[in-house]
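Chain by chain, the residues run as shown.
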Amino acid sequence: MEQESKDKLASVSSLVTVFENSRTPGAAIKVSKLEAERHLPGYSLTPPAEPWKESHVGESQGSEPRTVSRRYLNSLKNKLSSGAWRKSCQPEIHPGPGTQMPEEKRIVQELLETEKAYVARLHLLDQVFFQELLREARSSKAFPEDVVRLIFSNISSIYQFHAQFFLPELQWRLDDWTATPRIGDVIQKLAPFLKMYSEYVKNFERAAELLATWTDKSAPFQEVITRIQSSEASGSLTLQHHMLEPVQRIPRYELLLKEYIQKLPAQAPDRADAQKALDMIFSAAQHSNSAITEMERLQDLWEVYQRLGLEDDIVDPSNTLLREGPVLKISFRRSDPMERYLFLFNNMLLYCVPKVIQVGAHFQVRTRIDVAGMKVRELTDAEFPHSFLVSGKQRTLELQARSQEEMISWMQACQAAIDQIEKRNETFKAAVQGPEGDTQEQELQSEELGLRAPQWVRDKMVTMCMRCKEPFNALTRRRHHCRACGYVVCAKCSDYRAELKYDDNRPNRVCFHCYTFLTGSVLPEDKEDRRRGILEKGSAAGSEQSLMCSFLQLVGDKWGKSGPRGWCVIPQDDPLVLYIYAAPQDMRAHTSIPLLGYQVTAGTQADPRLFQLQQSGQLYTFKAETEELRDRWVKAVERAASGGSPGRPDDGDLSD
C-alpha cells in the first residue's frame, strides 16, 4: 500500500512536468516500455512495426486531404449538451452471461475503452505522422521542420498526458472497482491539465491551412502523408480527420460524466466528487470554446479584409469587427442619396463604395475615420428621415439609414466604440452629442478648425455665398466649399489655401475667414468685412434659434407667377419681423416683413392651407404644407402682430 502511494506521488510529479512541457509545442516524447508497463499493466504503447509502410494496392487514399468544413468546426461549441458525440464508433460493453453490470460501472468501462482508442489515435498522430514528417524534413530538407511543429502544435504533450497518466489512472480504478467504486476523484485530480487543449484547438485551423498548402507545395511532404494514410493503422481516414479528434475529446468527457452522475444512486459517496469533476471538465471545455471563438473572430476578420482588398493600412489581426452594413450617403451636391457600405471596427470606421465587378475585393475604401475623436449624433432633416452625422478627424459624413431602428443601432454601435477608446485613453475628450433640435454645427469651434473634417453645407441649402452674400449663378459665381469650416462660398471668397492637419497638412481651399485664423495673415483692406446690410441676417435654420421656421409657398403676383417656396423665419432675437430666405442656410434674406400691426386671415374654402397678412394696402399670401402647420404660423404671426413678448408659457412649441 505504501509502495502504491509512492508510485502515485511520482506520477503526479511527472504530470506537472508534462504540463510544463505543453508550453513547448512539438516536444519529443520519450516513454520507455518499462514505465509504460508500470503505469498500465497489460496495455502496450508500442505500435506494430511501421504498419503504414505495408500499404496495399487499392487502399491508397487521395493525395489531397479532404477538408473538414469550418461550419462543422463551429458546431463543436454547440454540442456540449448533445448526445450526438456518442455514435457507433464507440465500443459497446456487454456484460458476461448471468451477470448484471451496474450502470455507473458500465459508463466507466465505456470511458476506459474510448480512452484506449483515443490514445491509439494520439499515438498515430504524434509517434507516426509527426515523427515521420520530422524525419523526412531533416533528411531531405524539402520542407521546414518548423512547419511540421506548427501543424502538430502541442500534440506530443497531449499524448504523453493521456498515455502516461489519464489512461493508467482510469485502468487502475476500474481494476479496483469492487474496493473503490468511484471515478470522480481521479478525474478531479487530472481535469485541470485538460486546459492544455486550448493551445491545440486555437491552432487547429492554421494547422489545417498549413497542411493543405504544403501537401500541394512539397512532393516529399505529400508522399509521407499519403503513405501513412493508406495504411491499416490510419483506418482509411485522412490526417486532418485524425487531427480533429483532440478537438472533440473534451465534450465527450463531459457527456459521459453527466451520464455517470445521472446513474449514480442518490446517496453514492462519489456524487460530490463527480459533480466537482464535471464542473472542472466544463471549465476546460470553456477554454477550448474560447479558443474556437478567437479562431472564428480571426477567420471572420480575414474574410472582411479579403472583401476590402487586403490593404496594408487596415489589415490588423488585433481589430474587432463591431458592425457592417449598407447605408445611404447624403450628397452635398446631388439631391438623391448614394448607396454606400460601412465597416465599423473597434478603432476605425471604413466608408466604402461597392464595386460593380466584384473580382477579388468587393468594396473600395473611400475614407478611413479613426474612432478616436469621432462624434456621432442624429440629424433633424425632414427631407432625409433616419439620418445621422458621423464627424471624424479625417472626414464628416451625413448618412441615412433605412429605418429609425437601424439608425439608432448604428449610432449606439459608434458611440460604444468611442466610449471604449476613451476608457483606454483618458487624454481624449468625452464624446459630445448635440441636442436633437440643434442646427447642423457647420461652424466648428475655433480651436477645431483644421484639426477635424467639417460638415459640409449642402449646395441646395444656400443660394448665395455664405461670406460675401452675393447670389450664385451657373457661370460667373459658382459654388465652392471651404475645407476648414464647410461653408458654401464663391471663388472670390475661397481664393486661399491653408494647410489642414486632418488632411496630413496638405494645402486646401479655404475661405478668407478661415485663412486668417489658420495662418495669422492680415487680409487686404478690400477683403475685410463691410458693414452688414439690414437683410444680412443669417437664417436661423433650427428651432433653437427661431420662434417659428419652415418652408412656405409664396402665392400671388407679388412673388411672380411660379409661386416659389421660401424659408420663412421669425428669429428669437428679432421676434417682430418675418424674414424670407431663398434657402435655409442663406446668410442674407430675400425680404423681410415687420409684423407689428398686420391682420392675419386663416384659410379659404378653396384651400384651407392658405393664410394672408394684410395692412394698409399690403397683402401677402402664404401656403403651408399642412393645415396644422398653417395654424401654428397663424398663431405665431398674430402674437408678433400684437407686439406680444416671445417665449410665453402658453405659446407652446411653434417651430417646425
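These numbers were taken from a predicted model, which means no experiment stands behind them. (Residues numbered from 1 in each chain as written. Predicted model: local features only at pLDDT ≥ 70, side-chain atom pairs only at ≥ 80, totals over all residues. Heavy atoms only, no water.)

Colleague: Tell me about the packing of helix α4 (residues 103-140) against helix α6 (residues 155-175), and name the residues and values.
Modeller: The relative placement of two packed helices is expressed as an angle between their axes plus a distance between the axes. Where α4 contacts α6, the axes come no closer than 9 Å and their chain directions differ by 155°. Looking at the two axes, α4 sits roughly antiparallel to α6. Handedness of the crossing formed by α4 with α6: left-handed. Of the residues contributing to the contact of α4 with α6, the split by class is 16 nonpolar, six polar and four charged. (Axes fitted to C-alpha atoms, helices over the stretch in contact; angles between N-to-C directions. Helix = DSSP H or I, 4+ residues; strand = E, 2+ residues; numbered from the N terminus. Parallel < 35°, antiparallel > 145°, perpendicular 65-115°, else oblique. Left-handed = near helix turned anticlockwise from the far one by under 90°. Nonpolar A, V, L, I, M, F, W, Y, C, P; charged D, E, K, R; others polar.)

Colleague: With reference to specific residues and values, describe unusual backbone geometry.
Modeller: Of note in this structure, His-386 is not a glycine but carries a positive phi near 60°. With respect to the helices and strands, the residue His-386 is situated in the loop between β5 (375-378) and β6 (387-391). His-386 sits in the partly exposed class, given a relative accessible area of 27%. The phi angle at Asn-505 is positive, at roughly 60°, despite the residue not being glycine. Position of Asn-505 relative to the elements: it lies in the loop between β10 (496-500) and β11 (506-510). (Buried < 20%, exposed > 50% of the residue type's maximum accessible area, 1.4 Å probe, protein only.)

Colleague: I'd like a rundown of the pattern of salt bridges, residues and numbers included.
Modeller: Under the criterion given, the structure shown has 24 salt bridges. Ionic pairing is found between Arg-506 and Asp-503, a salt bridge with its closest N-O pair at 2.8 Å. For the salt bridge of Asp-631 with Arg-630, the shortest nitrogen-to-oxygen distance reads 2.4 Å. Within the structure, one salt-bridge network assembled from shared partners comprises Glu-103, Arg-106, Glu-110 and Glu-259. (Salt bridge = Lys/Arg side-chain N within 4 Å of Asp/Glu carboxyl O.)

Colleague: Kindly report on the sheet that holds β6, identifying the contributing residues and their values.
Modeller: In spatial order, the strands read β4-β3-β2-β1-β7-β6-β5; together these seven strands make up an open sheet with antiparallel pairing. The open sheet is flanked by β4 (363-370) and β5, the only strands paired with a single partner. If you compare each strand with its neighbour and ignore which way they point, the axes differ by 30° on average. Both β6 and strand β7 (residues 396-400) contribute to a ladder of five bridges, which runs antiparallel. Bridge pairing in β7 places Phe-388 opposite Leu-399. Where helix α12 (residues 404-424) meets the sheet, it contacts β1 (321-329), β2 (338-345), β5 and β6, and its direction lies at approximately 135° from that of β1. (Pairing = 2+ DSSP bridges. Contact = heavy atoms within 4.5 Å.)

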